[in-house]
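Residue-level structure breakdown
Here's the letter readout for the chains.
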Amino acid sequence: MSDTAGIPPEGQGGAGRPLGPGSGSSPSGRGAVRRRRRRWVWGVSLGVSLALAGAAAAGWAVYMKLEGNITPDEAAAAELARFEKDRPTALVKDALNILLIGSDSRAGAENRRYGRDPGTERSDTVILLHLSAGRRSATAVSIPRDLMVDVPDCRRPDGSRSAPMFTQFNAAFEVGGSACTIRTVEKLTDIRVDHHVVVDFEGFKDMVDAVDGVEVCLSRPIDDKDAHLHLPAGRVTLDGEQALGYVRARKSLGDGSDTGRIERQQRFLGALVNKVRSNEILLNPVKLYPVLDAATSSLTTDPELASLRGLYELVRGLRDIPTEGVQFLTVPRESYAGDVNRDQLAQPAAGKLFERLRKDEALRVSTDGERKATEKETAAPADSASPEPTFSGNTAAEDTCA
């Protein structure tokens, strides 16, 4: 057999294909170019794949950290389930009512700075947040801690049960924690509480610091040693420590009443909402992460809400609510007949407010006139079955310096 058997004739490739210049195994031919190109494409693909895998791993690690920050309130869920048959029924699909509870707990090294820890805690601030169906508006209703209410029998931390009592509202949290507070609110308003969130002093400060402070407007300088506040008049950006003193102060700001303190809290929360909604934070991952980290680290929530997915589903529909649609007001109240230092519901205004929230009907807030427990009816739109009431309050769109 010829030594050239199986070798194509000169000028032809396999099966008689013509050989062009530079083909075959020539180190300077197209084959080498193609191999180098394939190696380059493979290297780039591998690099991109590793980068994506690294990003996915980092993203998963961030997700798991934020998810792990949230504390589920299993005890409250169990207690509420026990009394399910006694709880109000939600009337409007997709409308949500969330109870926001600010705890005055002194437990922990940071919170201990604000007083001794007697082993109990009360609700320093309680807000019933109503999110309308379709997320057209968000209405935050403050419930004064000195409001006299009926507190049902509740499970104490030691497992025993308290007797029903008529007492000031913030005692419910001390007696039976978030579950007792929720049952008290539901008994008071006949509104179903779908979710709840508890945050302590340290969590509040962390949230404010995470957004690089919140701007408020002061009509005069503040020098309050008890509140740790030393601030000039005018526009001031408060850090977390200052913000906590600002929303809790009673002696140096306003008339020293809880009414003034609640109004100040509402205006501060409006400013905080504006800061968080700003593109500077929401569109900047570097700034958004510490906000999410601080927000989730400070939360104890019902189990359904205790996940990033649960929180995302909650806030997703809030992005399109205009700031004027984020409303703040205080439940209509008046001095309690048995003690002028306590409050009671002012009727029929309180009943009208609760009914409209329960039915997810529109209401308005206005800063006109006295910021007290007031309510008035405005002219009804042509297609409205009843007048739309206006309550004293404010919105997140208002300038605190106006």
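Residues numbered from 1 in each chain as written. Predicted model: local features only at pLDDT ≥ 70, side-chain atom pairs only at ≥ 80, totals over all residues. Heavy atoms only, no water.

Looking only at helices and strands, the chain has ten helices and 18 strands in total. Across the 402 residues of the chain, 43% fall into the buried class. A separation of at least 24 residues holds for 65% of the contacts in the chain among residues at least 6 apart in sequence. As presented, the chain carries roughly 21300 Å² of accessible surface, and 54% of it is formed by carbon and sulfur atoms. (Helix = DSSP H or I, 4+ residues; strand = E, 2+ residues; numbered from the N terminus. Buried < 20%, exposed > 50% of the residue type's maximum accessible area, 1.4 Å probe, protein only. Contact = heavy atoms within 4.5 Å. Areas by Shrake-Rupley, 256 points an atom, 1.4 Å probe, with all protein chains shown as cover.)

Ranked by size, the top nonpolar core spans 33 residues in total, and within it Leu-99, Phe-169, Leu-353 and Phe-354 carry the most contacts. When contributions to this core are tallied by element, the ones reaching two or more residues are helix H2 (74-82), strand E2 (96-103), strand E3 (123-131), strand E5 (148-151), helix H3 (171-189) and helix H10 (349-358). Counting residues per element, this core draws most heavily on H3, at seven residues. Sequence-distant contacts of Phe-169, defined by excluding residues within four places in its chain, comprise Val-126, Ile-143, Pro-144, Arg-145, Leu-147, Val-149, Thr-181, Thr-184 and Val-185. Counting residues in each nonpolar core, the second largest holds 26 residues, with Ala-210, Val-214, Val-236 and Ala-249 among its members. (Core = buried A, V, L, I, M, F, W, Y, C linked by side-chain atoms within 4.5 Å.)

Another point: the packing of aromatic side chains. All chains considered together, the criterion is met by three aromatic pairs. Here Phe-166 and Tyr-336 contribute two aromatic rings whose centre-to-centre distance is 6.0 Å and whose plane-to-plane angle is 55°, an arrangement assigned as tilted. Taken together, the residues Phe-166 in strand E6 (residues 165-168) and Tyr-336 in strand E14 (residues 333-336) connect sequence positions 170 residues apart. When its relative accessible area of 44% is taken as the criterion, Phe-166 is described as partly exposed. Note on Tyr-336: relative accessible area 23%, which makes it partly exposed. Taken together, a centroid distance of 5.8 Å and an interplanar angle of 45° make the contact between Phe-204 and Phe-268 tilted. Taken together, the residues Phe-204 in helix H4 (residues 201-210) and Phe-268 in helix H6 (residues 258-277) connect sequence positions 64 residues apart. Comparing Phe-204 with Phe-268 shows no difference in burial state: the two are buried. (Phe/Tyr/Trp six-rings, centres within 6.5 Å; stacked < 30°, edge-to-face > 60°.)

Below, the discussion takes up H2. Residues of H2 that are buried include every one of Ala-76, Glu-79 and Leu-80, and no others. Across the axial projection of H2, the buried residues extend over an arc of 100°, all falling on one side. H2 presents Ala-78, Ala-81 and Arg-82 as exposed residues on the side facing more than 90 degrees away from its buried surface. Buried positions along H2 lie against H3 and strand E7 (195-199). (Arc of directions from axis to C-beta.)

Okay, the pattern of salt bridges next. Applying the stated rule across the entire model yields 15 salt bridges. Here Glu-84 ties to Arg-87 by a salt bridge, and the two come within 3.7 Å at their closest N and O atoms. By relative accessible area, Glu-84 is classed as partly exposed at 36%. (Salt bridge = Lys/Arg side-chain N within 4 Å of Asp/Glu carboxyl O.)

What follows covers the packing of H2 against H3. The description of two helices packed together rests on the angle between their axes and the distance between the axes. For the pair H2 and H3, interaxial distance at closest approach is 7 Å and the crossing angle is 40°. On the basis of their axis angle, the class for H2 and H3 is oblique. Here H2 and H3 pass one another in a crossing that is right-handed. Judged by residue contacts, Ala-76, Glu-79 and Leu-80 of H2 engage Ser-178, Ala-179, Ile-182 and Arg-183 from H3. (Axes fitted to C-alpha atoms, helices over the stretch in contact; angles between N-to-C directions. Parallel < 35°, antiparallel > 145°, perpendicular 65-115°, else oblique. Left-handed = near helix turned anticlockwise from the far one by under 90°.)

Moving on, we come to H10. Along H10, the residues that are buried comprise Ala-349, Ala-350, Leu-353, Phe-354, Arg-356 and Leu-357. The arc that holds every buried residue of H10, seen down its axis, measures 165°, which confines them to one face. Of the residues one or two after H10, Asp-360 is the one with positive phi, at around 60°.

Taken together, the side chains of Asp-206, Asp-209, Asp-212 and Asp-239 present a region of like negative charge at the surface. By secondary structure assignment, the location of Asp-206 is in helix H4. According to the relative accessible area criterion, Asp-206 is partly exposed, its value standing at 32%. (Patch = residues over 30% accessible without salt bridge, like charges linked within 9 Å, V, L, I, M, F, W, Y side chains within 5 Å. Lys, Arg positive; Asp, Glu negative; His and termini not counted. Charge placed at Lys NZ, Arg CZ, Asp CG, Glu CD.)

For the coordinates displayed, the defined rule picks out one disulfide. Linked covalently through their sulfurs, Cys-154 and Cys-180 form a disulfide whose S-S length is 2.1 Å. One disulfide, between Cys-154 and Cys-180, carries an S-S torsion of 75° and so falls in the right-handed class. You can see Cys-154 sitting in the loop between E5 and E6 and its partner Cys-180 sitting in helix H3, a full 26 residues away along the chain. As far as the burial class goes, Cys-154 and Cys-180 line up, both buried. (Disulfide = S-S within 2.5 Å.)

Here the focus is the side chain of Arg-183. With respect to the helices, strands and loops of the structure, Arg-183 is situated in helix H3. Discounting chain neighbours no more than four positions away, the residues touching Arg-183 are Glu-79, Leu-80, Phe-83, Pro-152, Asp-153, Cys-154 and Arg-161.

One can find Leu-80 in helix H2. By relative accessible area, which is 8% here, Leu-80 ends up buried. Separated by 100 residues in sequence, Leu-80 and Cys-180 have C-alpha atoms that sit 8.6 Å apart. Residues in contact with Leu-80, not counting those within four places in the same chain, are Arg-87, Ala-179, Ile-182 and Arg-183.

Let's shift gears to the side chain of Asn-97. Residue position: Asn-97 is located in strand E2. Residue class for Asn-97 comes out buried when judged on its relative accessible area of 8%. Here His-130 takes part through its side chain, which lies 2.7 Å from a polar atom of the side chain of Asn-97. Setting aside residues no more than four positions away along its own chain, Asn-97 makes contact with Leu-128, Leu-129, His-130, Ile-191, Arg-192, Val-193, Asp-194 and His-195. (Polar contact = N/O pair within 3.5 Å; in protein donor to acceptor, adjacent residues only side chain to side chain.)

Geometric values such as these leave the question of function open.
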